[in-house]
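# Structure at a glance
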Amino acid sequence: MQHARELDLTQEQKTFMRSEIQKTTTRFNELQWQLQDAMEALHEIMKANSVNEQQALAQLDKVLDAEREIKRLHIGMGIRIKNQLTAEQQTKLQSMRHSMMGPGPGGPGGPGPGGPGQRPPDGPSNPAN
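Parameters and conventions
- Residues numbered from 1 in each chain as written.
- Predicted model: local features only at pLDDT ≥ 70, side-chain atom pairs only at ≥ 80, totals over all residues.
- Heavy atoms only, no water.
- Helix = DSSP H or I, 4+ residues; strand = E, 2+ residues; numbered from the N terminus.
- Contact = heavy atoms within 4.5 Å.
- Core = buried A, V, L, I, M, F, W, Y, C linked by side-chain atoms within 4.5 Å.
- Buried < 20%, exposed > 50% of the residue type's maximum accessible area, 1.4 Å probe, protein only.
- 1 Å grid on protein atoms, 1.4 Å probe; cavity = no way out; pocket = protein on both sides within 12 Å on 5 of 7 lines; lining within 4 Å.
- Points joined across faces, edges and corners; volume = space filled by probe spheres on them.
- Nonpolar A, V, L, I, M, F, W, Y, C, P; charged D, E, K, R; others polar.
- pLDDT = per-residue confidence, 0-100.
- Salt bridge = Lys/Arg side-chain N within 4 Å of Asp/Glu carboxyl O.
- Polar contact = N/O pair within 3.5 Å; in protein donor to acceptor, adjacent residues only side chain to side chain.

## Points about the side chain of Gln89
Considering the arrangement of structural elements, one finds Gln89 in helix 4 (residues 87-101). Other than its neighbours up to four places away in sequence, Gln89 contacts Leu7, Asp8, Leu9, Gln13 and Gln84.

## Some details on the nonpolar core
Counting residues in each nonpolar core, the largest one holds nine residues, listed as Ala4, Leu7, Leu9, Met17, Met77, Ile81, Leu85, Leu93 and Met96. Secondary-structure elements contributing two or more residues to this core are helix 1 (4-7), helix 3 (53-84) and helix 4. Once residues within four sequence positions are removed from consideration, Leu7 is found in contact with Gln89, Lys92, Leu93 and Met96.

## Details of the layout of surface pockets
The gaps left among the atoms become clear once a water-sized probe is rolled over them. Considering only enclosed or pocket space, the largest pocket measures out at about 580 Å³ in volume. As for the largest pocket, its lining consists of 21 residues, of which Leu7, Ile81, Leu85, Leu93 and Arg97 are closest to the centre. Elements with a contribution of two residues or more to the lining of the largest pocket: helix 1, helix 2 (11-47), helix 3 and helix 4. A total of eight residues in the lining of the largest pocket trace back to one element, the largest contributor, which is helix 4. When the residues that make up the lining of the largest pocket are grouped by side-chain class, the tally is twelve nonpolar, seven polar and two charged.

## A short note on the confidence of the model for the chain
Predicted confidence across the chain gives a mean pLDDT of 83, with 77% of residues reaching 70 or more. pLDDT under 50 marks residues 106-129. Its contacts with residues more than four places away, or in other chains, come to 22 contacts.

## Some points on the pattern of salt bridges
The final tally for this structure, using the stated rule, is five salt bridges. The partner of Arg80 in a salt bridge is Glu20, and the shortest N-O contact between them spans 2.5 Å. Here the residue Arg80 occupies a position in helix 3, and Glu20 occupies one in helix 2, the gap between them amounting to 60 residues. Of the residues examined, Glu20 reaches a relative accessible area of 6% and is grouped as buried. In the salt-bridge network here, residues are joined through shared partners; they are Glu20, Lys23 and Arg80.

## A closer look at the side chain of Glu20
A distance of 3.2 Å separates polar atoms of two side chains, one belonging to Glu20 and the other to Lys23. Other than its neighbours up to four places away in sequence, Glu20 contacts Met77, Arg80 and Ile81.

Here it is as structure tokens:
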């Protein structure tokens, strides 16, 4: 939404995106609470001197299910929003992302690696990034 003017979004596109973001945010908050509760329950189970493996793994499944749903929620929203953009708007957005990312992995001051198992060329602490 911060680039709405640059992308020349229509009022219909803006309304759709606001609605999608609002729905996603509401569900995300619910899932965050659910995830927190599931993680706390798993932690309690794991604190015992003797851990019931079946109970712990069942609780882990609840944690993983919440994490999975959060990821699906975000990807789904991204897809729905992308599908509302014209090909020209998508190209412009992609170009804007590349210019914001800068030359290295994660961009200037970015969070770090460019993908799983990768790290910045200067090692884990890479002060240049």
